[in-house]
Amino acid sequence: MNTELGCTIGLPRPENSCIRPRRQAFWSLVPLIVQRMRREPKASRYLVVIGLTLVMTTGSLVGSTAAPAQMVDSGTFSLVSDPGDPLGHGQSYSYSVAAGDQLDVTSRTNEALDVSVHGRNGDSWTLNLQMASQRPMSPGTYSVDKEYPSNSFSEPAMSVTDGGFPCRGVVTGSSFTISAIDYGPTPGYIRGLDASFTLHCGGIAAALHGVVHIANAPAPLVAVALSLGVSDPQNPGRVQRQLDPRDPIQQGTMVIPTATVTPAISAYVNVRYDDFPLSGGWDGPGVANGSPIAPNPGFHTFTMTLTPTDSAYPDITPAAVLPVMVVSAPPVLSMSATPAGPVTAPDTGSPDPITLTIGGIPRDTPGSVRIYDGTTDLGPADTFSSSAGTATKSVVLSPAPVPHGLIAVFTHAGSSALAQTSAVVPYSMLPCACGIRGYAPLNTNNTIPPFAGGLSLRLAPGTHAHLTQVDPTTAAGHPVQATDPTQHRHAWVFTGSLDRIAVVDTRPDQPGWTLTGQASAFVNGTTTVSAVELGWAPQLQTTGSDAEGSVTPGPQVNPRMQQGSSLIGLQSGSVLGSASPGSGLGTQNLRADLTLWIPDTSPTGTYVSTLTLTLISP
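To keep things clear, this report deals only with the structure shown in the data block. (Residues numbered from 1 in each chain as written. Predicted model: local features only at pLDDT ≥ 70, side-chain atom pairs only at ≥ 80, totals over all residues. Heavy atoms only, no water.)

## A few points about the environment of Val608
Logical step 1: Counting through the fold element by element, Val608 comes out in the loop between β49 (605-606) and β50 (610-616).
Logical step 2: Here Val608 falls in the partly exposed class, since its relative accessible area comes to 28%. (Helix = DSSP H or I, 4+ residues; strand = E, 2+ residues; numbered from the N terminus. Buried < 20%, exposed > 50% of the residue type's maximum accessible area, 1.4 Å probe, protein only.)

Shown next as structure tokens:
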């Protein structure tokens, strides 16, 4: 099937210049650029331009680590630029979550916050605000003449970044106003923000004016579902199989309390067996386990309590409680039912009672007899003869599609640990199958052609990769055994990552697909570094992915200087990920860690390249 591809987005080219169609292939160009561009309207959902930057220095580190951000549920960000303002260029801008723009808010501490904007048209802005003297952010108007971040903390600081270029040199007359701010329910989680600012940048009288409004939903709650599993004899810390909570546990069975936590949060785990603590921990994302234990006969309670350590969640301790019954093994009591099952419930009214007769009770032994339906307590026996060692119980069972599991338990007076039980007696009380039946034919007419589905390559707005120089004072950042064919034995090393890439396949026949990447040479003025020196390590991302069948990441590719002259890096293209025929239905998110080696004789500056992603399917 041929697919029509649109024009390149955001690159300067003639108005009607388009990429030629290719059979079931989708292209995405990744320019490695520093300058921010105003994008033209999107021409094709299969063709996306994302920025990738590399800033090289000698003898110092480049880049910083960003804090986790909250995606804003509802909010707006608007700007008005005076003529002559170097950031806004005398224009007005408006962004809204409701219109499809993305807003993120980050609060590293209560005295500073960042607001990031990723416009649906490709625009990118970041606002940084910092209070003085490490005071919490609170309503008021604050004069600013310090550029963010300010290490002195003696005065308020502010910065606005336009597509990666911050304002340099905040001048007197700048200010920001916090009209309202709502933290909670825990520090660092911002529920609401109303703020405005005026920024004079680089000693210029013209200013950039902005208004921010943010409204987030309350922090999510946490659900805990607790169950018991049988411990694997070959690996006691692992669950071999899950137990049905309606069934009793045989004495001597080693069990493991397991909780499924939604969402998968970071938390301390506390597990208790009755009043006794058990060690607890995490067995993968969203799965918490307690230590194995063999409960004594009788009734017991497992409790698992979580104390979240993630500031995005409320200061609560979600917990789950699971009552269980442990029966003696082997069972020593007998029990029979009259009438014998299965029994069909009547058309109207309650089912007739059945009589349970329990035998094998130790004679002349003080104690009590109780009857259970699974873990449901049906109460004590109606009659109990200690001298005869027998008891009876009349019960009314509700109709059910599966048999009831009836158990009798004799507990010695003064010691619950000496309980004796009967074998499980299955008893079927079937729903009524009565009344006059009639039959009516049913048919329908499907007029919709078979669903063909489709294949698409998606990159999130604003996706880019920034390569950061590894500390050149270390062996990792300045290798001395480079294998470059030009005999350069020293190299500079840069690393980064490329993510927010997704392949969406809705085709029912699942013919499979392959996603490849190919990079152009890095250029810095008159200096060129071949793409053979760019490598990557592809990875599949499980979060947000539901692709079926066999989906695999591509092989790791190293720079030529790192491994040998026979390597070609990403110059001729390499596989990022692929789905074999019969696989790939759904969404698969992918990413890659990038590594670049360049000769240490290379001049400083910004090196620019273009990475092309190609999605192909039979």
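Following the structure, the description resumes.
## Points about the sheet that holds strand β23 (residues 276-278)
Logical step 1: Here 5 strands make up an open sheet; going across it, the order is β20-β27-β26-β22-β23 and the pairing mixed. Each edge of the sheet is formed by a strand with only one pairing partner; in this case those strands are β20 (249-250) and β23.
Logical step 2: Relative to strand β27 (residues 319-327), strand β26 (residues 298-308) runs antiparallel, the two being bridged by 8 bridges. Looking at the pairing, Met304 lines up with Ala320 of β27. (Pairing = 2+ DSSP bridges.)

## Observations concerning the pairing of β27
Logical step 1: Strand direction decides the pairing type here: β20 and β27, joined by 2 bridges, are parallel. Bridge pairing in β27 places Ile249 opposite Val326.

## Observations concerning the nonpolar core
Logical step 1: One finds Phe77, Phe176, Leu193 and Phe197 to be the most contacted residues of the largest nonpolar core, which totals 34 residues.
Logical step 2: With 5 residues, the top contributor of residues to this core is strand β16 (residues 190-200).
Logical step 3: Apart from residues lying up to four places away in sequence, Phe197 is in contact with Phe77, Leu79, Leu127, Met158, Val160, Ser175, Phe176, Leu208, His209, Gly210 and Val211.
Logical step 4: Counting 32 residues, the second largest nonpolar core, distinct from the first, contains Leu455, Leu498, Leu611 and Leu615. (Core = buried A, V, L, I, M, F, W, Y, C linked by side-chain atoms within 4.5 Å. Contact = heavy atoms within 4.5 Å.)

## Considerations on the pattern of salt bridges
Logical step 1: What the rule picks out here adds up to 5 salt bridges.
Logical step 2: Where Arg370 meets Asp377, a salt bridge forms, and the shortest distance between an N and an O atom there is 2.9 Å.
Logical step 3: With relative accessibility at 39%, the residue Asp377 sits in the partly exposed group.
Logical step 4: Across the salt bridge formed by Arg591 and Asp593, the nearest N and O atoms sit 2.9 Å from each other.
Logical step 5: With relative accessibility at 15%, the residue Arg591 sits in the buried group.
Logical step 6: Judged by its relative accessible area of 30%, Asp593 is partly exposed. (Salt bridge = Lys/Arg side-chain N within 4 Å of Asp/Glu carboxyl O.)

## A word on the sheet that holds strand β33 (residues 383-385)
Logical step 1: The 4 strands lie next to each other as β28-β30-β34-β33, forming an open sheet whose pairing is antiparallel. The open sheet is flanked by β28 (334-338) and β33, the only strands paired with a single partner. For this sheet the average axis-to-axis angle between neighbouring strands, irrespective of direction, equals 15°.
Logical step 2: Two strands pair when backbone bridges link them, and strand β30 (residues 354-359) and strand β34 (residues 390-395) are joined in this way by 5 bridges, in the antiparallel orientation. Bridge pairing in β34 places Thr357 opposite Thr392. (Axes fitted to C-alpha atoms, helices over the stretch in contact; angles between N-to-C directions.)

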